[in-house]
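The residues making up each chain are set out below.
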Amino acid sequence: MSVEDGGMPGLGRPRQARWTLMLLLSTAMYGAHAPLLALCHVDGRVPFRPSSAVLLTELTKLLLCAFSLLIGWQAWPQGAPPWRQAAPFALSALLYGANNNLVIYLQRYMDPSTYQVLSNLKIGSTAVLYCLCLRHRLSVRQALALLLLMAAGACCAAGGLQVPGNTLPSPSPAAAASPMPLHITPLGLLLLIVYCLISGLSSVYTELLMKRQRLPLALQNLFLYTFGVLLNLGLHAGGGPGPGLLEGFSGWAALVVLSQALNGLLMSAVMKHGSSITRLFVVSCSLVVNAVLSAVLLRLQLTAAFFLATLLIGLAMRLYYGSR
């Protein structure tokens with residue numbers, strides 16, 4: 001595999017094993033996010049402000065990057081660091097911030113199931129922008145693999161899990177009690193397209209930025225998460241009255257923050273040394289982890305759609321990364 005394909009050419013077995021372990025850990029953390037959030041629920045709702053969790057996650061990532069540089073896990077560049085290279089990361093933070101807020105805003109204009117199915121269009125937008133911005137041409141096999149990945153995500157979101165005793169797929173028992181009808185408004189469709197474009201742009205732009213700069217990854221992350229903390233601090237402060245920063249947090253909530261922070265750092269390494277396409281496969285594979293954990297922890301049932309989605313993901317990986 002080449003770097004563009006998500007591999008690490010020229011690595012010895014130990015480093016290749018570490019790369020594989022990193023991807024597996026990231027997949028597990030992505031997949032565990034929704035089940036861990038469900039375990040945080042009190043009386044059917046999350047007891048803390050979502051903006052608090054996002055802000056604390058960004059702050060944790062920033063502190064981990066600073067710690068990595070201070071103790072020498074990653075070398076500090078010779079001489080004074082080129083601080084002017086920090087400015088482009090402000091756009092990355094802005095794009096990620098816009099995307100995170102659009103996810104919440106979109107729920108007003110469509111039901112969650114429709115959102116989960118259609119949001120898989122971001123795989124296509126990321127692939128197109130990846131080819132345009134990084135001038136990488138996908139083969140027919142690779143393009144077909146990404147189409148299968150989109151189909152797998154839609155299949156899993158549409159009916160991969162269901163509540164026992166209920167024939168309709170539902171993300172939670174509460175949702176099963178009063179299911180929301182499938183719907184999407186014209187404005188919701190427009191916003192969803194914007195969301196998919198921003199999602200692809202944020203991923204590809206950050207990858208391009210990290211690869212073009214000859215700076216340690218920890219320092220680049222320091223730039224990125226400094227802007228991320230400032231942006232999310234402003235969003236949290238401007239969010240109106242609500243619970244305090246740490247109000248409603250439990251051990252499960254702390255685990256959500258820590259796992260998302262570690263996963264963010266792992267994804268930065270993927271963007272630096274792998275590709276945005278690799279990230280798409282990690283996120284898609286995490287659907288399998290999410291479904292299995294939901295079945296174990298939340299007692300939801302796996303359906304035939306889940307196994308079909310798993311088969312499609314496996315086939316997509318074989319097509320994209322297999323010998324050509």
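Numbers given for residues are sequential positions, taken from 1 along each chain in its written order. Only residues with pLDDT of 70 or above have their local features reported here, since the model is predicted, and side-chain atom pairs are shown and tallied only from 80 upward, although totals for entire chains, interfaces and linings are computed over all residues. Side-chain metrics rest on all non-hydrogen atoms present in the structure, leaving aside hydrogens and water.

Participant: So what's going on with the overall build of the protein chain? Residues and values would help.
Facilitator: Assigned secondary structure in the protein chain consists of twelve helices and two strands. Only runs of H or I of at least four residues qualify as helices and only runs of E of at least two qualify as strands under DSSP, and these elements are numbered from the N terminus. Of the regular secondary structure in the protein chain, the N- to C-terminal order runs α-α-α-α-α-α-β-α-α-α-α-α-β-α. Remark: exposure states derive from per-residue accessible area (1.4 Å probe, protein chains only) relative to the maximum for the residue type, with buried under 20%, exposed over 50%, and partly exposed in between. Taking all 324 residues of the protein chain together, the buried fraction comes to 45%. For this analysis, residues touch if any pair of their heavy atoms sits within 4.5 Å. Partitioning the intrachain contacts of the protein chain with sequence separation of at least 6 by distance along the chain shows that 85% fall at a separation of at least 24. In these tables, accessible area is a Shrake-Rupley quantity obtained with a 1.4 Å probe, and a residue counts as shielded only by the protein chains included in the view. Taken as a whole, the protein chain presents about 16,400 Å² of accessible surface, with 69% of it coming from carbon and sulfur.

Participant: Could you give me a rundown of a nonpolar patch on the surface, with the residues and numbers involved?
Facilitator: Within this analysis, patches are made of residues with over 30% relative accessible area and no salt bridge. Like charges are joined at 9 Å or less; nonpolar side chains (Val, Leu, Ile, Met, Phe, Trp, Tyr) at 5 Å or less. A side-chain nitrogen of Lys or Arg and a carboxyl oxygen of Asp or Glu constitute a salt bridge if their distance falls within 4 Å. There is a patch of nonpolar side chains on the surface, built from Val 292, Val 296, Leu 297, Leu 302 and Phe 307 and spanning about 440 Å² of accessible area. Ranked by residues supplied to the nonpolar patch, first place goes to helix H11 (residues 276-297) with three residues. Turning to its location among the elements, Phe 307 is positioned in helix H12 (residues 304-321).

Participant: Would you mind going over the packing of aromatic side chains in detail, with residue names and values included?
Facilitator: Centres within 6.5 Å make a pair out of two Phe, Tyr or Trp rings, where for Trp the six-membered ring is used; the pair is then stacked when the planes are under 30 degrees apart, edge-to-face when over 60, and tilted otherwise. Applying the stated criterion to the full structure yields six aromatic pairs. Here the aromatic rings of Phe 89 and Phe 223 are separated by 6.0 Å at their centres, their planes lie at 50°, and the arrangement is tilted. Here Phe 223 lies in helix H9 (residues 217-237) and Phe 89 lies in helix H3 (residues 89-106), a separation of 134 residues in the sequence. Each of the two residues, Phe 89 as well as Phe 223, counts as buried. Put simply, the rings of Phe 281, Tyr 320 and Tyr 321 pair up and form one aromatic cluster.

Participant: Describe H12, listing the residues and the values that go with them.
Facilitator: For H12, which comprises 18 residues, the first-to-last C-alpha distance of 26 Å matches the rise-based estimate of 26 Å (1.5 Å per residue) to within 8%. Where H12 is concerned, the buried positions are Ala 305, Phe 306, Ala 309, Leu 312, Ile 313, Ala 316, Leu 319 and Tyr 320. With its buried residues spanning 150° around the axis, H12 presents them on a single face. Every exposed residue of H12 that faces more than 90 degrees away from the buried side is listed here: Ala 304, Phe 307 and Leu 311. Where H12 is buried, its residues contact helix H6 (140-159), H11 and strand E2 (301-302). Take the number of residues in a helix, subtract one, and multiply by 1.5 Å to get its expected span. Think of it as the arc spanned by the lines of direction from the helix axis to the C-beta atoms.

Participant: Give me the lowdown on the packing of helix H2 (residues 50-70) against H9, citing residues and values where you can.
Facilitator: In this analysis an axis means a line fitted to C-alpha atoms, helices contributing only their contacting stretch, and an angle means the value between N-to-C directions, from 0 to 180 degrees. Put simply, H2 and H9 touch, their axes get as near as 8 Å, and they point 155° apart. Taken together, the axes of H2 and H9 are roughly antiparallel relative to one another. In terms of crossing hand, the pair formed by H2 and H9 is left-handed. Counting all contacts with H2, which are made through Ser 51, Ser 52, Val 54, Leu 55, Glu 58, Leu 59, Lys 61, Leu 62, Cys 65, Ala 66, Ser 68 and Leu 69, the residues of H9 involved are Ala 218, Leu 219, Asn 221, Leu 222, Tyr 225, Thr 226, Gly 228, Val 229, Asn 232, Leu 233 and His 236. Within the contact of H2 with H9, the residues separate by chemical class into 13 nonpolar, eight polar and two charged. To sort the angles, those under 35 degrees are grouped as roughly parallel, those over 145 as roughly antiparallel, those from 65 to 115 as roughly perpendicular, and the leftovers as oblique. In this scheme the handedness of a crossing depends on how the near helix is turned from the far one: anticlockwise by less than a right angle means left-handed, clockwise means right-handed. Charged means Asp, Glu, Lys or Arg here, nonpolar means Ala, Val, Leu, Ile, Met, Phe, Trp, Tyr, Cys or Pro, and polar covers whatever is left, Gly included.

Participant: Which residues make up the confidence of the model for the protein chain, and what are the values?
Facilitator: By definition, pLDDT measures how confident the predictor is in each residue, and it falls between 0 and 100. Per-residue confidence for the protein chain gives a mean pLDDT of 82, with 84% of residues at or over 70. The low-confidence segment residues 166-179 (pLDDT under 50) makes 17 contacts with residues lying over four places distant or belonging to another chain.

Participant: I'd love a proper account of the pattern of salt bridges, names of residues and values included.
Facilitator: Tallied over the entire structure, the rule returns two salt bridges. One salt bridge in this structure joins Lys 61 and Glu 58, with 2.9 Å as the shortest N-O distance. Here Lys 61 and its partner Glu 58 are both found in helix H2, three residues apart, which amounts to about one turn of the helix. Classification of Glu 58 as buried rests on a relative accessible area of 13%. We note a salt bridge from Lys 211 to Glu 207, for which the minimum N-O separation is 2.7 Å. A residue pair is termed a helical-turn pair when its members lie 3 or 4 positions apart in one helix, as Lys 211 and Glu 207 do in helix H8 (residues 186-212) at four residues. For Glu 207, a relative accessible area of 0% puts it in the buried group.

Participant: How would you explain the environment of Lys 61 if you had to name every residue and give the values?
Facilitator: Judged by relative accessible area, Lys 61 falls into the buried class, the value being 9%. Along the chain, Lys 61 and Val 229 lie 168 residues apart, while their C-alpha atoms are 9.4 Å from each other. Setting aside residues no more than four positions away along its own chain, Lys 61 makes contact with Tyr 225, Gln 260, Ala 261, Gly 264 and Leu 265. Of note is the side chain of Lys 61, whose polar atom sits 2.9 Å from the side chain of Glu 58. By the criterion applied in these results, polar contacts are pairs of N or O atoms within 3.5 Å in which, for protein atoms, one can donate a hydrogen and the other can accept it, and in which residues neighboring in sequence qualify only through two side-chain atoms.

Participant: Before we move on, could you go through the packing of helix H1 (residues 13-40) against H11 and cite the residues and values that matter?
Facilitator: Between two packed helices, what matters for the description is the angle formed by their axes and the separation of those axes. Where H1 meets H11, the axes come as close as 7 Å, and the angle between the chain directions of the two elements is 45°. Classified by the interaxial angle, the pair formed by H1 and H11 is oblique. In terms of crossing hand, the pair formed by H1 and H11 is right-handed. Of the residues in H11, those touching H1 at Leu 23, Ser 26, Thr 27, Ala 28, Tyr 30, Gly 31, Ala 32, Ala 34, Pro 35 and Leu 39 are Thr 278, Arg 279, Val 282, Val 283, Cys 285, Ser 286, Val 289, Asn 290, Leu 293, Ser 294 and Leu 297. Tallied by class, residues from the contact of H1 with H11 come to 13 nonpolar, seven polar and one charged.

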